[in-house]
Amino acid sequence: MAKKPKPRADGRYQIKRIVDGKAKFFYGATYDEAEASARAAGQHSITKNDTLATWLKYWLGNVVKANVTAGTLSNYTTLIDKHIIDEDLGRSRLRDITTQKVRQFLATKLETRSPRTVLMLHHFLKSSLQQAVYDAVLFRNPAEPVKRPKTPAKADKYLATEVVRKLIDAAKEPRKTLLLVAWTSGLRREEILGLCWSDYKAGSLIVRRSVKKGGVLSTELKTPSAYRTVPLPQETIQALNKLAGSRPKVVNLTTPDLIFPAADGKPVEPIILTRYFARLCERCNIKATFHDLRHTYATNLAIA
């Protein structure tokens, strides 16, 4: 149970709000009057009487958004909208959320959802409600005592050389060269789709773009270390040189000179490549994901 607010020595109730990093105090004969005073001053519109759904939307837009990429924010929003917003917990007022409610909510989700999904929901609840404590909306974080759900360790999958060769041989250009690049460079799916011919120099690939959800070309990569130059083996260099010789000589100046564009010259949306690879694996009777090529590259480096 959250501690009930107590009046000051003078009988008034006090509410603290953090505004631009500084504390401001509001007073009232009752706690509700103090809240009303804070709202009237336009300071911190979210209170403990608002629902968890309202708070989560505020948290995503005002806290999370500034610290993650647009794609990550979209994934977080989708997960929260799908699993929390319309649930009883999402409709509960912040002041009514208890540790027991949070624990029961996650336990129920674990019966029908993957451990990884429940782990993310636990993270969202714990982080967002802790922010509510920092913002003086709540006195304590009801999700803090709830232990994170156990998830089985997921081993990175290594693909044998003959397996990758089988997939590459079954693909047609330019996807054949794309798979070869993925296998011999370790680039992420989004990074490969964002490669331009100007990024291919002296037998190396300069990684400085990626394609986001919706086919949007961006210079924003996943991490600062993702901006890098990757040397290529001779086989991949020859394949790229051959592909470069067969590309159209006239390039629309309004469209990036992508190495692996869609038929209309625009960036390929990442999910399209994922689906293509899944169909290719099914055709070859192989169980793998496109990301396994990145793990295979890293393993090969370690072996070398």
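In what follows, the structure referred to is the one given above.
Our subject in this report is the structure included herewith. (Residues numbered from 1 in each chain as written. Predicted model: local features only at pLDDT ≥ 70, side-chain atom pairs only at ≥ 80, totals over all residues. Heavy atoms only, no water.)

### As for the overall build of the protein chain
At step 1: When helices and strands are counted, the protein chain shows twelve helices and seven strands.
At step 2: For the protein chain, the proportion of its 304 residues judged to be buried stands at 42%.
At step 3: Across the protein chain, contacts joining residues at least 24 apart in sequence account for 57% of those joining residues at least 6 apart. (Helix = DSSP H or I, 4+ residues; strand = E, 2+ residues; numbered from the N terminus. Buried < 20%, exposed > 50% of the residue type's maximum accessible area, 1.4 Å probe, protein only. Contact = heavy atoms within 4.5 Å.)

### Examining the sheet that holds strand S7 (residues 228-231)
At step 1: Ordered in space as S3-S4-S7, the three strands form an open sheet in which the pairing is antiparallel. Sheet topology places strand S3 (200-201) and S7 at the edges, where each strand pairs with a single neighbour.
At step 2: Inspection of the sheet shows S3 paired to strand S4 (residues 204-207) by two bridges, in the antiparallel sense. Bridging across to S4, Tyr200 finds its partner in Leu205. (Pairing = 2+ DSSP bridges.)

### Quick word on helix H8 (residues 175-185)
At step 1: Most of H8 sits inside the fold, with nine of its eleven residues counted as buried.
At step 2: Of all the residues in H8, the buried ones are Thr177, Leu178, Leu179, Leu180, Val181, Ala182, Trp183, Thr184 and Ser185.
At step 3: Looking one or two residues past H8, Gly186 carries a phi angle of roughly 75°, positive in sign.

### Here we look at the pattern of salt bridges
At step 1: Applying the stated criterion across every chain yields a total of twelve salt bridges.
At step 2: One salt bridge in this structure joins Arg12 and Asp10, with 3.0 Å as the shortest N-O distance.
At step 3: Given the relative accessible area of 43%, Asp10 is considered partly exposed.
At step 4: Of the charged contacts, one joins Glu191 and Arg228 as a salt bridge, the two residues approaching to 2.9 Å between their closest N and O atoms. With a gap of 37 residues between them, Glu191 in helix H9 (residues 189-193) and Arg228 in strand S7 connect regions that are remote in the sequence.
At step 5: Take Glu191: its relative accessible area is 2%, and that puts it in the buried class.
At step 6: Under the relative-accessibility criterion, Arg228 is labelled partly exposed at 22%. (Salt bridge = Lys/Arg side-chain N within 4 Å of Asp/Glu carboxyl O.)

### Here's the deal with the nonpolar core
At step 1: Leu179, Leu240, Ile259, Phe290 and Leu293 are the most contacted members of the largest nonpolar core, which has 42 residues in total.
At step 2: Secondary structure elements with two or more residues in this core: helix H7 (161-170), H8, H9, S4, helix H10 (234-246), helix H11 (270-283) and helix H12 (291-303).
At step 3: Tallying contributions element by element places H8 first for this core, with six residues.
At step 4: Every residue in contact with Ile259, bar those within four places of it in the chain, is listed here: Leu195, Cys196, Trp197, Tyr200, Leu205, Leu240 and Leu243.
At step 5: If you look at the next biggest cluster of nonpolar residues, it comprises 30 residues, including Ile46, Leu89, Leu125 and Val146. (Core = buried A, V, L, I, M, F, W, Y, C linked by side-chain atoms within 4.5 Å.)

### Notes on helix H6 (residues 115-134)
It helps to recall that an α-helix has 3.6 residues per turn; residues three or four apart then point in one direction.
At step 1: Across its 20 residues, H6 extends 29 Å between first and last C-alpha, which sits within 8% of the 28 Å expected from 1.5 Å per residue.
At step 2: Listing the buried residues of H6 in full gives Thr117, Val118, Leu119, Leu121, His122, Phe124, Leu125, Ser128, Leu129, Gln131 and Ala132.
At step 3: Where H6 is buried, its residues meet helix H2 (52-64), helix H3 (70-85), helix H4 (88-91) and helix H5 (99-112). (Expected span 1.5 Å × (residues − 1).)

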